[in-house]
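A look at the structure
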Amino acid sequence: MHGKIAIYMDSTGRGTVTNSANTFFDFNRQIWNDKKSMPTVGMFVEFRTLSTENKNADGTSASVNKTITSIRPSKFQEFKEGDFITENDFWKTNDDDELEDLQNSRRSAYITELYRTIDFDSIEKIPLSFTIPQAIQKYFAHEILSVETLQSNLEDEKDIPCILDYVIIKRFLFKAYDTLIFMDNSIDQTQFNALKSIMMHLENSYKQMAADRKPNITKIFNETFLSLQCHYQALMATIDTKKNRLASIEAQMKTLQSEIALKSKAANPDQEKIKARQERLENLQKEAESYKTSLKRLQAIQEDFYKKNYNIFENAFKLSREKLFKKIVTGLNLCATIMDIKIWHLSIKSSGVKNSYFSMTNIENSFCSLSFAEHYLSRLNKSALNPFDQKLLIYIQKITKEQRRKFLVVTSDLDLLCKLKIENFTQNPYYIVKYAPKKVNYQSLMRDNTFDIVYIDEKHVWESVADIILQGKHFDKTGKTKFKLI
């Protein structure tokens, strides 16, 4: 059945479809049957339903519930002049196959009309029925739809420190998400539904395009462009007709030549019949030459049309594919970044994360995907990393070099330590806060690290603040470390 999405809520994944009779059908994201796109309001769809009859106590029918069992976007999302079908045809047909048959039938009828009415021997070039940009846009329709859906759902995130690489950070992004939900089950998970859905569809498009790095452009050109060129198809029909007529003429000529040769060898040849056959043969030869000349000219026009448009199509296709692939990658990176920032913001405000994560003295990092990636790498032998982990390490080093600031808290008060962690992590998810409860810890950390700020708790230290600052400045290699009393 054909329909149109009237309502769709990203947060719940639920929506409503209306059909030609203005009947409403509810659906949810779980039955969406397309990996490259996601539901949006106004989208034309193709769906199937299951009817369930409700009965009264006396056995009479009370109502009939129709539940959507499968739904996917229609192949037909726009109806333009020259498409051979209208939106009205969409509503009158049950599914895309029926609508496509109708479109092909009307196109074939139009091609037949062109074949019958156009004198191709008088034309110089073939007009386009369907432009190259239109053909490419139609081929990448689902991928374009995924990118457009992302753009319409983008949030205005002003405090994004940097854009993450989705492919590298993906496993740690979802590890951070799962851990957040585990530590604080009061968090509304539906706020992530739209992002996760967009990422799923973008990733499917990404995987398909990444796997098919060398698509068969000739096949794509023939199927998405050439087959829709009505004048070209009419020309091809004309060429085929002329070829068939020429073959028939040549067969007749061969037969006449055999008959003339046979009758000439007879004992009493009938000159009148021989002459008639020779005249017929001459007429056929002239007609054959005419067809050969016409075919040569028409085939030259056909080849010129094919070569010129194929070269343009090939270059435009490669360029469009490359641009679209970059947009998909950018989209995935944006989704990962927005999701990571959302996780970071929620963790800072979460009492569950505070009690289970920030309050732990061995936790130095903020709560984000990069922190989980660093924790993963900390358990590995850096000299024996596999290619993926080596790439991850280089990526983390790049981000931390650009974004990281280090802080040291000198105190034995764990509540104060947790408070300062959260205060600093609120500024940037890539900051790091270390902890020195004793003199030996302090000296070791100051010797091995360069800190932006050292927080000193006057009430909970092993000696005078002045001596601690003096020792700190002794180890400060840059002379830029600030000491702050709390």
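Residues numbered from 1 in each chain as written. Predicted model: local features only at pLDDT ≥ 70, side-chain atom pairs only at ≥ 80, totals over all residues. Heavy atoms only, no water.

1. Section: the overall build of the protein
The helix and strand tally for the protein stands at 15 helices and nine strands. The principal-axis extent of the C-alpha atoms belonging to the protein is close to 140 × 75 × 35 Å. For the protein, buried positions account for 42% of its 486 residues. The contacts of the protein with a sequence gap of at least 6 include a subset with a gap of at least 24, amounting to 74%. Of the roughly 27,000 Å² of accessible surface on the protein, 49% is carried by carbon and sulfur atoms. Counting 70 positive and 62 negative side-chain charges, the protein places the centres of these two groups 5 Å from one another. (Helix = DSSP H or I, 4+ residues; strand = E, 2+ residues; numbered from the N terminus. Buried < 20%, exposed > 50% of the residue type's maximum accessible area, 1.4 Å probe, protein only. Contact = heavy atoms within 4.5 Å. Areas by Shrake-Rupley, 256 points an atom, 1.4 Å probe, with all protein chains shown as cover. Lys, Arg positive; Asp, Glu negative; His and termini not counted. Charge placed at Lys NZ, Arg CZ, Asp CG, Glu CD.)

2. Re the side chain of Thr 411
Positionally, Thr 411 belongs in the loop between β6 (406–410) and α13 (414–427). By relative accessible area, Thr 411 is classed as buried at 0%. Here Asp 457 takes part through its side chain, which lies 2.7 Å from a polar atom of the side chain of Thr 411. If we skip the residues at most four places from it in the chain, Thr 411 touches Leu 416, Leu 417, Tyr 435, Ala 436, Pro 437, Asp 457 and His 460. (Polar contact = N/O pair within 3.5 Å; in protein donor to acceptor, adjacent residues only side chain to side chain.)

3. Concerning the sheet that holds β6
If you walk across this open sheet you meet the four strands as β7-β6-β8-β9, and the pairing is parallel. Two strands in the sheet have a free side with no partner beyond their single neighbour: β7 (432–436) and β9 (482–485). Pairs of neighbouring strands in the sheet enclose a mean axial angle of 20 degrees, with direction left out of account. Relative to β9, strand β8 (residues 453–456) runs parallel, the two sharing four bridges. Bridge pairing in β9 links Ile 453 to Lys 482. Along the sheet, α13 makes contact with β6, β7 and β8, crossing β7 at roughly 160 degrees. (Pairing = 2+ DSSP bridges. Axes fitted to C-alpha atoms, helices over the stretch in contact; angles between N-to-C directions.)

4. Description of the packing of aromatic side chains
On inspection of all chains with the given rule, the structure shows 30 aromatic pairs. Aromatic side chains Phe 225 and Phe 313 sit 6.2 Å apart centroid to centroid with 40 degrees between the ring planes, which places their arrangement in the tilted category. One end of the pair, Phe 225, is in the loop between α7 (217–224) and α8 (230–264); the other, Phe 313, is in helix α9 (residues 271–349), and 88 residues separate them in sequence. The same class applies to Phe 225 and to Phe 313, which are both buried. (Phe/Tyr/Trp six-rings, centres within 6.5 Å; stacked < 30°, edge-to-face > 60°.)

5. Observations concerning the pairing of β7
The buried fraction of β7 is high, at five of five residues. Burial of the side chains of β7 extends over both faces: Ile 432, Lys 434 and Ala 436 are buried on one face and Val 433 and Tyr 435 on the other. Two strands pair when backbone bridges link them, and β6 and β7 are joined in this way by five bridges, in the parallel orientation. Within the sheet, the bridge partner assigned to Val 409 lies in β7 and is Tyr 435. Regarding the hand of the β-α-β motif, the stretch spanning β6, α13 and β7 is right-handed. (Right-handed = clockwise from strand over helix to strand, strands pointing away.)

6. Structural notes on the pairing of β8
Consecutive side chains along a regular strand alternate between the two faces of the sheet. Here β8 shows a buried face lined by Ile 453 and Tyr 455 and a second buried face lined by Val 454 and Ile 456. A crossover connection joins β8 to the parallel β9 through helix α15 (residues 465–475); in handedness this β-α-β unit is right-handed.

7. Things to note about the pattern of salt bridges
Considering all chains together, one arrives at 18 salt bridges under this definition. Close ionic contact of Glu 259 with Arg 277 constitutes a salt bridge, the shortest N to O distance being 2.8 Å. Of this pair, Glu 259 sits in helix α8 while Arg 277 sits in helix α9, and the two are 18 residues apart along the sequence. With a relative accessible area of 30%, Glu 259 lands in the partly exposed category. Linking Asp 304 and Lys 308 is a salt bridge whose minimum nitrogen-to-oxygen distance equals 3.5 Å. Of this pair, Asp 304 and Lys 308 both sit in helix α9, four residues apart, which is roughly one turn of that helix. (Salt bridge = Lys/Arg side-chain N within 4 Å of Asp/Glu carboxyl O.)

8. A closer look at the packing of helix α5 (residues 166–183) against α9
Contact geometry for α5 and α9: axes closest at 10 Å, N-to-C directions at 30 degrees. With respect to α9, the axis of α5 lies roughly parallel. α5 and α9 meet at a crossing whose hand is left-handed. Contact residues: Tyr 166, Leu 173, Phe 174, Ala 176, Tyr 177 and Leu 180 in α5; Leu 332, Asn 333, Ala 336, Met 339, Asp 340, Ile 343, Leu 346 and Ser 347 in α9. (Parallel < 35°, antiparallel > 145°, perpendicular 65-115°, else oblique. Left-handed = near helix turned anticlockwise from the far one by under 90°.)

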